[in-house]
Amino acid sequence: MEFIETLLNGLSIGSTYAIIALGYTMVYGIAKMLNFAHGDVIMVGGYMIFLTMANIGNPVLGLLIAVLFCVVLGVSIEKVAYKPLRGASPLAVLITAIGVSYLLQSTAQIIFGSAPKMVVVADLGNLTIGSLTVPYYMLITLGCSVVIMVALSLFVKYTKTGRAMIAVSEDKGAAQLMGINVNAIITITFAIGSGLAAFAGFFMLMKSPSLSNTLGAMPGIKAFTAAVIGGIGSIPGAMVGGILMGIVEAISLTIPAIAPYTDAIEFLVLIVILLVRPSGILGKVRREKV
Amino acid sequence: MALLEVKDLQVYYGVIQALKGISFEVNEGEIVTLIGANGAGKTTTMQSIIGLIPTRGGSVIFDGHDITKTPCHKIVHLGMAQVPEGRRIFQELTVYENLLMGGFSQNDKSAVKQDIEKIYTRFPRLGERRNQIAGTLSGGEQQMLAMGRAMMSHPKLLLLDEPSMGLSPLLVDHVFEIIKDFRDDGTTVLLVEQNAGKSLAISDRAYVLELGQIVLSGTGAELAASDQVKKAYLGG
């Protein structure tokens, strides 16, 4: 029973990582950049949920407002900070992304102060079946994540826009020759990634109600790690990598001797996997084109 | 009336001038070929016409529109398509999905499906392999796919960049037959080729490009007979 509880915990942590990792991997695949501000969009989503809970008290409305705000924020960040750098050196884009990350964290600190806020999204209790006890938030996280991942996979495979995203990620020039507006596809990608970040913020606050301006920092780095483990640029890879990270984390936390080193163990997994498969579990080994 | 009019086109890569002000035109219903050696600026010309690389000077008029500064995807919607050098099919998508991408600018879903069936009729190999991942096709099949994909948008003007490159002699002949078919079906063709002999044979008119400048022009037959072309491009 304990093992099943650990596994479910791992799946719920992992699906949160996967949802964040999707944002990293899709933006990387399509805009060929690492959006290091992605984790901080989660934090902004968290504050939107906090504001809604404090003023209206409806968690579903809070999630909705957070998603909308993060979509607008993500698209604006892309327009203002990244779009002018299209074609610039990758280092310039990277340093800009780090700058945006600090800008978001500092702005949140100025507005909301540095003391953590308590955001009790909902007191849901546990589901008990025999000797198995599972908190409801885990099931909600898992259920929502599965729906999101299935919907996203179907969207990419079966819609015109989704296929255009694959085309842009494979060959931007050839995609333009098909009549695809690459800038519009990049905007849509940022919108999807940022909306998913708001969901991740919601999942995280359900799990632990403490909210500060660095809420997204560590999960952001771990989800980025998950995206790299799965193969950066690959959507199924982000899902696999996220779930793997979550399960490693949950198991490690139950073993007293290694529990304090859980973060280190997760990054160790990254190192081991990259040693064996440098392009990640589902990453493409790209052939050099002549 | 000229369908495509290129006037004094100038393109730079950094400080290097790749096109030193070239002018030419393509009339409706023609096959026009640009021949030239490696590095003459043929691919640069093709990519700058369709808006994939920015121009520094001159103008491009297509079907009455000034498209000099128009982004590539809008030019495609105006009725121009290109089979790029190296084909650049979407390796990870199936044959069918590649053709769907070719029809991206079309809004009528059922018409796109019908067009795909027509492509399968024209290229039976593609029909047989419709669900195969395009990256696993042979070079010849990939070229057919790239040409079929470009025709999916019903272009008024088709730009073909080195369509015979890397193909066996038999397939090269087949490609030139297809180009003639396209023209006979009403598509105007601008062709870039290193195979000067075969391309001049099917061309209404042709231009010779050397180091970013047009040095010679005439009908396909005139150029094929010119000593200068014979010496430099037709092997004596």
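Criteria and cut-off values
- Residues numbered from 1 in each chain as written.
- Chains lettered and ligands numbered in written order.
- Predicted model: local features only at pLDDT ≥ 70, side-chain atom pairs only at ≥ 80, totals over all residues.
- Heavy atoms only, no water.
- Helix = DSSP H or I, 4+ residues; strand = E, 2+ residues; numbered from the N terminus.
- Expected span 1.5 Å × (residues − 1).
- Buried < 20%, exposed > 50% of the residue type's maximum accessible area, 1.4 Å probe, protein only.
- Arc of directions from axis to C-beta.
- Contact = heavy atoms within 4.5 Å.
- pLDDT = per-residue confidence, 0-100.
- Salt bridge = Lys/Arg side-chain N within 4 Å of Asp/Glu carboxyl O.
- Axes fitted to C-alpha atoms, helices over the stretch in contact; angles between N-to-C directions.
- Parallel < 35°, antiparallel > 145°, perpendicular 65-115°, else oblique.
- Left-handed = near helix turned anticlockwise from the far one by under 90°.
- Nonpolar A, V, L, I, M, F, W, Y, C, P; charged D, E, K, R; others polar.
- Pairing = 2+ DSSP bridges.

(A) Expanded view of helix H11 (residues 262–276) of chain A. All names here are of chain A. Taking 1.5 Å per residue as the helical rise, H11 with its 15 residues ought to reach 21 Å, and the 21 Å between its terminal C-alpha atoms agrees with that figure. Three or more residues of H11 are buried, namely Thr262, Glu266, Val269, Leu270 and Ile273. The buried residues of H11 occupy one face: seen down the axis, they fall within an arc of 105 degrees. Facing away from the buried surface of H11 by more than 90 degrees, the exposed residues are Leu268 and Leu275. As for H11, its buried residues are in contact with helix H1 (2–31), helix H9 (217–230) and helix H10 (235–254).

(B) Quick peek at the confidence of the model for chain B. For chain B, mean pLDDT is 94; residues scoring 70 or higher make up 100% of the total. With a pTM of 0.92, the predicted complex shows an ipTM of 0.94.

(C) Spotlight on the pattern of salt bridges. Under the defined criterion, the tally for this structure stands at 20 salt bridges over all chains. Lys222 of chain A serves as the salt-bridge partner of Asp263 of chain A, at 2.6 Å between the closest nitrogen and oxygen. Placement of Asp263 of chain A in helix H11 and of Lys222 of chain A in helix H9 is noted, with a sequence separation of 41 residues between them. For Asp263 of chain A, a relative accessible area of 33% puts it in the partly exposed group. For Lys222 of chain A, a relative accessible area of 4% puts it in the buried group. Between Asp115 of chain B and Lys118 of chain B there is a salt bridge, and its shortest N-O distance comes to 3.8 Å. Of the two residues, Asp115 of chain B and Lys118 of chain B are both situated in helix H4 (residues 109–122); the distance of three residues between them amounts to about one turn of the helix.

(D) The arrangement of the packing of H9 of chain A against H11 of chain A in detail. Residues and elements named next belong to chain A. The N-to-C vectors of H9 and H11 enclose an angle of 20 degrees; their axes lie 10 Å apart at closest approach. It follows from the interaxial angle that H9 and H11 lie roughly parallel. Pair H9 / H11 crosses with left-handed handedness. Residues Met218, Ile221, Lys222, Thr225, Val228 and Ile229 of H9 lie in contact with H11, whose contacting residues are Asp263, Glu266, Phe267, Val269, Leu270, Ile273 and Leu274. Split into classes, the residues belonging to the contact of H9 with H11 amount to nine nonpolar, one polar and three charged.

(E) Just unusual backbone geometry, in detail. Residues and elements named next belong to chain A. For Lys32, which is not a glycine, the phi torsion comes out positive at approximately 55 degrees. Considering the arrangement of structural elements, one finds Lys32 in the loop between H1 and helix H2 (38–55). The partly exposed category is assigned to Lys32, whose relative accessible area is 47%.

(F) Quick look at the pairing of strand E9 (residues 205–210) of chain B. Residue and element names in this part refer to chain B. Most of E9 is tucked away, with five of its six residues classed as buried. Of the strand pairs in this sheet, strand E3 (residues 31–36) and E9 are connected by five bridges, and their pairing is parallel. The partner of Thr33 across the bridge, within E9, is Ala206. The pairing of E9 with strand E10 (residues 213–219) spans six bridges and is classified as antiparallel. Note that in E10 the partner of Tyr207 across the bridge is Ser217.

(G) View of helix H6 (residues 139–151) of chain B. Residues and elements named next belong to chain B. Compared with an ideal rise of 1.5 Å per residue, which puts 13 residues at 18 Å, H6 spans 18 Å between its outermost C-alpha atoms and is within 8% of the ideal. The buried fraction of H6 is high, at 12 of 13 residues. Every buried residue of H6 is listed here: Gly140, Glu141, Gln142, Gln143, Met144, Leu145, Ala146, Met147, Gly148, Arg149, Ala150 and Met151. At its buried positions, H6 is contacted by strand E6 (80–83), helix H3 (95–102), H4, helix H5 (124–128), strand E7 (157–161) and helix H7 (169–184).

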